[in-house]
Amino acid sequence: MSVPVDRVSALSFHPLYEPPEILADGSKVRRLNLNESPFPPSPAVIAAMTRAAALGNRYPDGEARALIEALAAGSGIPPERIFVGAGSNELLAASAEISLDPGDQMLAPLPAFPTYAKLARLRGAEFVGVPLHGDGRIDVPAMLAAVTPRTRLAFFSSPHNPTGGIMTAEDILRLVQELPEHVMLHFDEAYYEFGRAAGAPDALPILSTRKGPWISTRTFSKAYGMAGVRVGYGFAGTPELALAIRKVRPNFSLSRMALAGGVAALAEPGASAALVALILKERDRMAAQLRPAGFTPLPGAANFLALLPPPGSPNLVDRLRDAGIYITDFVLGETRALRITIGDAEDTNAVVSALLENADAPR
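Residues numbered from 1 in each chain as written. Predicted model: local features only at pLDDT ≥ 70, side-chain atom pairs only at ≥ 80, totals over all residues. Heavy atoms only, no water.

Caption draft 1: Looking closely at the domain arrangement of the protein. By the assigned domains, the protein splits into domain 1 (6–40 + 270–356) and domain 2 (43–268). Of note, the centres of domain 1 and domain 2, computed from C-alpha atoms alone, are 24 Å apart. On the side of domain 2, 31 residues touch domain 1, which itself brings 27 residues to the contact. Here domain 1 meets domain 2 over a buried area of about 2200 Å², counting both sides, of which 66% is carbon and sulfur. Together, Arg 7, Leu 11 and Ala 301 form the three largest contributors to the area buried by domain 1 at its contact with domain 2, with a combined 23%. (Domains from an automatic or database assignment. Contact = heavy atoms within 4.5 Å. Buried area = accessible area lost by both parts, 1.4 Å probe.)

Caption draft 2: A look at the UniProt feature "domain: Aminotransferase class I/classII large" (unreviewed entry) in the protein. Feature annotation in UniProt places "domain: Aminotransferase class I/classII large" (unreviewed entry) on residues 31–355, given in this structure's numbering. Secondary structure content for residues 31–355 is 40% helix and 19% strand, while the C-alpha to C-alpha distance between its ends is 15 Å. (UniProt positions renumbered as here; feature names shortened; annotations may be inferred. Helix = DSSP H or I, 4+ residues; strand = E, 2+ residues; numbered from the N terminus.)

Caption draft 3: Examining the sheet that holds strand 10 (residues 304–308) more closely. Strands sit in the order 9-10-13-12 across an open sheet of 4 strands; the sheet is antiparallel. Edge positions in the sheet fall to strand 9 (296–297) and strand 12 (328–332), since each of these pairs with one other strand and no more. As paired strands, strand 12 and strand 13 (residues 335–341) are joined by 5 bridges and run antiparallel to one another. Counterpart to Asp 329 in the pairing with strand 13 is Leu 338. (Pairing = 2+ DSSP bridges.)

Caption draft 4: Quick look at empty space enclosed by the protein. Tallying each qualifying case throughout the model produces 2 cavities of 30 Å³ or more. In this structure, the largest cavity occupies an estimated 60 Å³ of space. Taken together, Ser 158, Pro 159, Met 167, Ile 172, Phe 187, Glu 189, Tyr 192, Gly 195, Arg 196, Ala 200, Pro 201 and Ala 203 form the lining of the largest cavity. When residues of the lining of the largest cavity are assigned to their parent elements, the largest contribution, 3 residues, is made by helix 8 (residues 192–197). By volume, the second largest cavity amounts to about 50 Å³. Around the second largest cavity, the lining residues are Asp 61, Gly 62, Ala 64, Val 84, Arg 249, Phe 252, Ser 253, Leu 254 and Leu 259. (1 Å grid on protein atoms, 1.4 Å probe; cavity = no way out; pocket = protein on both sides within 12 Å on 5 of 7 lines; lining within 4 Å. Points joined across faces, edges and corners; volume = space filled by probe spheres on them.)

Caption draft 5: Looking closely at helix 14 (residues 345–358). Taking 1.5 Å as the rise per residue, helix 14 with 14 residues should run 20 Å; its terminal C-alpha atoms sit 20 Å apart, in good agreement. Where the residues of helix 14 are buried, they touch strand 1 (30–31), helix 12 (269–290), helix 13 (316–322), strand 11 (325–326) and strand 13. For helix 14, the N-terminal capping position is held by Asp 344, with its side-chain oxygen 3.2 Å away from the main-chain nitrogen of Glu 346. (Expected span 1.5 Å × (residues − 1). Polar contact = N/O pair within 3.5 Å; in protein donor to acceptor, adjacent residues only side chain to side chain.)

Caption draft 6: The arrangement of the nonpolar core in detail. Counting residues in each nonpolar core, the largest one holds 83 residues, and the members touching the most others are Leu 67, Phe 156, Leu 207, Ile 327, Val 351 and Leu 355. Ranked by the residues each element gives to this core, the list is headed by helix 12, at 7 residues. Taken domain by domain, the makeup of this core includes at least three residues from each of domain 1 (6–40 + 270–356) and domain 2 (43–268). Counting residues in each nonpolar core, the second largest holds 21 residues, with Leu 92, Met 106, Tyr 116 and Phe 155 among its members. (Core = buried A, V, L, I, M, F, W, Y, C linked by side-chain atoms within 4.5 Å. Buried < 20%, exposed > 50% of the residue type's maximum accessible area, 1.4 Å probe, protein only.)

Caption draft 7: The packing of helix 4 (residues 87–99) against helix 10 (residues 239–248), seen in detail. The interhelical angle for the contact between helix 4 and helix 10, taken along N-to-C directions, is 105°, at an axis separation of 9 Å. Here helix 4 lies roughly perpendicular to helix 10, going by the angle between them. On helix 10, the residues that touch Leu 91, Ala 94, Ser 95, Glu 97 and Ile 98 of helix 4 are Leu 241, Ala 244, Ile 245 and Val 248. Among the residues forming the contact of helix 4 with helix 10, the class breakdown is 7 nonpolar, 1 polar and 1 charged. (Axes fitted to C-alpha atoms, helices over the stretch in contact; angles between N-to-C directions. Parallel < 35°, antiparallel > 145°, perpendicular 65-115°, else oblique. Nonpolar A, V, L, I, M, F, W, Y, C, P; charged D, E, K, R; others polar.)

Caption draft 8: The arrangement of the layout of surface pockets in detail. Within this model, the second largest pocket holds a volume of roughly 500 Å³. Gly 74, Tyr 192, Arg 218, Tyr 224 and Tyr 233 are, among the 20 residues lining the second largest pocket, the residues nearest its centre. Put simply, the parts of the chain that give the lining of the second largest pocket at least two residues each are helix 3 (65–75), helix 8, strand 8 (232–236) and helix 12. Looking at the lining of the second largest pocket residue by residue, the class counts come to 13 nonpolar, 3 polar and 4 charged. Two domains each provide a minimum of three residues to the lining of the second largest pocket, namely domain 1 (6–40 + 270–356) and domain 2 (43–268).

Caption draft 9: View of the packing of helix 3 against helix 11 (residues 256–266). Packing of helix 3 against helix 11 brings their axes to within 9 Å, and their N-to-C directions diverge by 20°. One way to sum up the angle between helix 3 and helix 11 is to call them roughly parallel. Pair helix 3 / helix 11 crosses with left-handed handedness. Here helix 3 contributes Ala 66, Leu 67, Ala 70 and Leu 71 to the contact with helix 11, which in turn contributes Leu 259, Gly 262, Val 263 and Leu 266. Residue classes in the contact of helix 3 with helix 11 are distributed as 7 nonpolar, 1 polar and no charged. (Left-handed = near helix turned anticlockwise from the far one by under 90°.)

Caption draft 10: Here's a closer look at the pairing of strand 6 (residues 184–188). Most of strand 6 sits inside the fold, with 5 of its 5 residues counted as buried. As paired elements, strand 5 (residues 151–157) and strand 6 share 5 bridges and run parallel to each other. For Ser 157, the partnering residue across the bridge sits in strand 6 and is Asp 188. For the handedness criterion, the β-α-β arrangement of strand 5, helix 7 (residues 169–178) and strand 6 is classed as right-handed. The pairing of strand 6 with strand 7 (residues 214–219) spans 4 bridges and is parallel. Residue pairing for strand 7: Asp 188 is matched across the bridge by Thr 217. (Right-handed = clockwise from strand over helix to strand, strands pointing away.)

So this is what it looks like as structure tokens:
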């Protein structure tokens, strides 16, 4: 058996399926496990995608020129340093493709977005996970200390998934100054808009001072309600690095509808800002209602809430799924924490009630 097939056969597989909309008894299923928006794209975005569908028989613009020009106008980054992909997931894969060879090392926080470790294994590289601080923030000194001559790619994220932790300006500056130049810095900003609304620093000006290679990736999936459309984008420290990402991406991976939706979304920033404000308000309300019952919300900001359940709680993920509420969990240190996507006000009320009802129930 060839080496590439061996790499694939060694991967774990967790099918991604969509829960039913209703249970057998007719009650609504609340899908709060995938960090989606509970609200659809804005009417203007839907209209733009509908118009683009009329030309669905023609391939899209493979260079995404209109979208890249709109991103350049909004960010101040030159078009030649911007790239796009089918969600930021595709761009994470492109980053690994241009950085890692068999025997190299990839560095990432732990726990983190599972795709990081998967990409290292697909490239035949060693995944090195560095534990987070106990409150869910990235331990920048520990990450830097874990770098070796074999490290070629390091993922950092702010806000961090699955904890929501935010990196400070001092954290990012230290990272930029002390990460060796032989390491590609990939700054994952999938939850960028939520972090900024909660007071997180703008990372781009700090990243731009780095001498070594860096990219930052973002997505339309969260703050624009476009997870099902699949539009991501990124900024690179140099045009050469952006070109490398473009070279390894599949051709035409963004449909005409996705490109049109992205341009339309950027044209009405107020819609995204309103969605972000509403989600953060519900996040704070959920945290405030659960804290008195012994739940410990982790600090941070994203379109989800991470929290530690009261000691001795039963398996709340299973208990809530039985009630038609899908959430997820992860291990932080020696504790199993919960991660709950923020939905609308009705979702908040339902998940709070279910958690309070089950937290002190018999195991």
